[in-house]
Amino acid sequence: MANAEVSTTMDDTNTHWQSIFVGVVITVVVAFLIVYIVKKSAPWIIGYVVAFLIIAWIKRTGIHLRMPRNREAISDTGEPLQIIRITHRVRDGKNINGVELEIENLEKIMFHADVKGNPVVIISIFGSFRKGKSFLLGFFLKYLKTRSQNKSDWLREDDKIKGFEWRGGTERVTSGINIWSQPFILENKYRKKVAVLLMDTQGVFDNVSTYEDCASIFAITNLISSIQIYNLMHQLQEDDLHTLRHFTTFGKLVAQETNESDMNKAKLIFLIRDWEYPYQYPYGKDGGTAYIQKQLEMKLNQQKELQEIRTTLCKWFPNIFGFLLPHPGRAIVTKEIYDGTVKDLDDDFVQNVKMFVSYILSRDMLIPKQIHNKTVTGKD
């Protein structure tokens, strides 16, 4: 497995970059590189964008990008491949946090024929750890795989939710950023085929990762995603908005250097899990969006800081939506071993999660990422 870390080399081209990025200067250099890459129509656009974003954020002396000549085959049915690894080491008695780019895994995804030849739509999910993000993505996989087999009933009682690794308990499961290796070809509202990729991310605010680690994960996924799902529990709280604003800081700096019009913003979906007030705002898209709009509303008697947070977020995320999901049921939280069987879930949850998946994967939502006014594909 080829990893990306400390020092900068590219085996295939024998080209060497050796630079030290410090503070804001890092962002300026990275922004320039993003524009340069897109203008030159590099064959691995997304991969390089991710790589340089990592370089900007970790503030190290460089990144080692080893481009392997021999790539192993991946499963025909797909598997989660880690493309970003968060590392923790002790050096000279000091704790050193870093980010590694699994360039070989990234290549396996980007060199897939459907990714190279079609516009790319990345759907990512982020939020606190141990809140069911990977489990939720299993429903997306079930829908997409069933659809590719031309089956109408995509979620039955005896089905089991599989795909991205998940399990019950208190320990973290997902680490870094993982992408499902198999792209799914769908058609958007413009009747254009797009390659849909599902991205799972490490939960934030565990007892291992630093704040910088969490911000890195968010910034990378935000800048390359078409749809970003913010996974929250029970309700949207003010500290959730504070966190979101802080995490957008790096993305804003890059956008300022590349001109904000050069990169279309991801659609942001506030997904509220275990919603307890359906009598006030009903489950689903309409109730969710109405609830989020109410929470983001600016009031005359609001403190200036709270108004500024809302102004910043609405500017950075011009397309904000909400969705409210009920609790999945006691079985999923009280069983020591839950195997993902659908019939163990509450009917309300199953009904609404089906609507959520269909909504996110609807034609209107599948807008490819554009950078420098150019639609991103694996190969231009």
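What counts and how
Residues numbered from 1 in each chain as written. Predicted model: local features only at pLDDT ≥ 70, side-chain atom pairs only at ≥ 80, totals over all residues. Heavy atoms only, no water. Helix = DSSP H or I, 4+ residues; strand = E, 2+ residues; numbered from the N terminus. Buried < 20%, exposed > 50% of the residue type's maximum accessible area, 1.4 Å probe, protein only. Expected span 1.5 Å × (residues − 1). Arc of directions from axis to C-beta. Phe/Tyr/Trp six-rings, centres within 6.5 Å; stacked < 30°, edge-to-face > 60°. Axes fitted to C-alpha atoms, helices over the stretch in contact; angles between N-to-C directions. Parallel < 35°, antiparallel > 145°, perpendicular 65-115°, else oblique. Left-handed = near helix turned anticlockwise from the far one by under 90°. Contact = heavy atoms within 4.5 Å. Nonpolar A, V, L, I, M, F, W, Y, C, P; charged D, E, K, R; others polar. Pairing = 2+ DSSP bridges. Salt bridge = Lys/Arg side-chain N within 4 Å of Asp/Glu carboxyl O. Core = buried A, V, L, I, M, F, W, Y, C linked by side-chain atoms within 4.5 Å. Polar contact = N/O pair within 3.5 Å; in protein donor to acceptor, adjacent residues only side chain to side chain.

Engineer: Quick question: what am I supposed to make of the overall build of the protein chain here?
Structural biologist: A tally of regular secondary structure across the protein chain gives 12 helices and 11 strands. Out of the 380 residues in the protein chain, the part that is buried amounts to 54%.

Engineer: Please clarify how helix α10 (residues 304-316) should be interpreted in this entry.
Structural biologist: Three or four residues apart is the spacing at which side chains of an α-helix point the same way, because the helix has 3.6 residues per turn. Compared with an ideal rise of 1.5 Å per residue, which puts 13 residues at 18 Å, α10 spans 18 Å between its outermost C-alpha atoms and is within 8% of the ideal. Among the residues of α10, I309, R310, L313 and W316 are the ones counted as buried. Mapping the buried residues of α10 onto a view down its axis gives an arc of 140°, with all of them on the same face. Residues of α10 that are exposed and angled more than 90 degrees away from the buried face: K304 and K315.

Engineer: Explain the packing of aromatic side chains to me, please; I cannot follow it from the model alone.
Structural biologist: Both the distance between ring centres and the angle between the ring planes are used here to describe each pair of aromatic rings. Under the defined criterion, the tally for this structure stands at 15 aromatic pairs. Here the aromatic rings of W275 and Y277 are separated by 5.3 Å at their centres, their planes lie at 80°, and the arrangement is edge-to-face. When its relative accessible area of 4% is taken as the criterion, W275 is described as buried.

Engineer: Looking at this model, I keep getting lost on the packing of helix α7 (residues 238-247) against α10. Mind explaining?
Structural biologist: A pair of packed helices is captured by two measures, namely the crossing angle of their axes and the spacing between those axes. Look at α7 against α10: their axes get within 10 Å of each other, and the N-to-C directions meet at 55°. Considering the angle they form, α7 stands oblique to α10. Like other packed secondary-structure pairs, α7 and α10 cross with a definite hand, here left-handed. Counted together, E238, L241, H242, L244 and R245 of α7 and E305, L306, I309, R310, T312 and L313 of α10 form the full contact between these two elements. Broken down by class, the residue content of the contact of α7 with α10 amounts to 5 nonpolar, 2 polar and 4 charged.

Engineer: I keep staring at the pairing of strand β8 (residues 267-273) and nothing clicks. Help me out?
Structural biologist: Across a regular strand the side chains alternate sides, sitting on one face of the sheet and then on the other. The element β8 is extensively covered by neighbouring structure, given that 7 of its 7 residues are classed as buried. Where β8 and strand β9 (residues 320-324) come together, 5 bridges link them in parallel fashion. Bridge pairing in β9 places F270 opposite G322.

Engineer: Can you walk me through the pattern of salt bridges in this structure?
Structural biologist: Two side chains of opposite charge can pair, provided their charged atoms sit close to one another. Counted under the stated rule, the structure contains 10 salt bridges. In this structure, D159 and R156 form a salt bridge, with 3.7 Å as the shortest nitrogen-oxygen distance. The buried category is assigned to D159, whose relative accessible area is 9%. Between K343 and D158 there is a salt bridge; the shortest N-O distance is 4.0 Å. On the criterion of sequence distance, the pair formed by K343 in the loop between α11 (330-334) and α12 (347-360) and D158 in the loop between α5 (133-148) and β4 (177-180) is long-range, its members being 185 residues apart. We classify K343 as exposed; its relative accessible area is 53%.

Engineer: So what exactly am I meant to see when it comes to the nonpolar core here?
Structural biologist: Side chains of a nonpolar character, in soluble globular proteins, are inclined to be buried together. One finds F140 and F356 to be the most contacted residues of the largest nonpolar core, which totals 41 residues. Of all the secondary structure elements, the ones that give two or more residues to this core are β3 (120-127), α5, β5 (184-187), β6 (193-201), β7 (227-233), β8 and α12. Ranked by residue count, the leading element in this core is α5, at 8 residues. In this structure F140 touches L198, I229, F356, V357, I360 and L361, once residues within four positions along its chain are discounted. Core analysis: the second largest hydrophobic core is formed by 25 residues, Y230, L236, Y281 and L296 among them.

Engineer: Looking at this model, I keep getting lost on unusual backbone geometry. Mind explaining?
Structural biologist: Both trends apply: most residues other than glycine have a negative phi, and most peptide bonds are in trans. At H234, a residue that is not glycine, the phi angle is positive and equals roughly 75°. Tracing the chain through its elements places H234 in the loop between β7 and α7. Although it is not a glycine, D274 sits at a positive phi angle of roughly 55°. A relative accessible area of 13% places D274 in the buried class.

Engineer: What am I meant to see in the side chain of T201 here?
Structural biologist: In this structure, T201 sits in strand β6. With a relative accessible area of 1%, T201 lands in the buried category. There is a polar contact of 2.4 Å between the side chain of T201 and the backbone oxygen of I125.

Engineer: What am I meant to see in the environment of L81 here?
Structural biologist: Among the secondary structure elements, L81 is positioned in strand β1 (residues 80-91). Each C-alpha atom of the pair L81 and M199 lies 9.6 Å from the other, and the pair is 118 residues apart in sequence.

Engineer: For this particular structure, what's the right way to read the side chain of T289?
Structural biologist: The residue T289 is located in helix α9 (residues 285-295) in this model. A residue is classified by how much of its surface remains accessible, and T289, at 14% relative accessible area, is buried. Apart from residues no more than four positions distant in its own chain, T289 is found in contact with F321 and G322.

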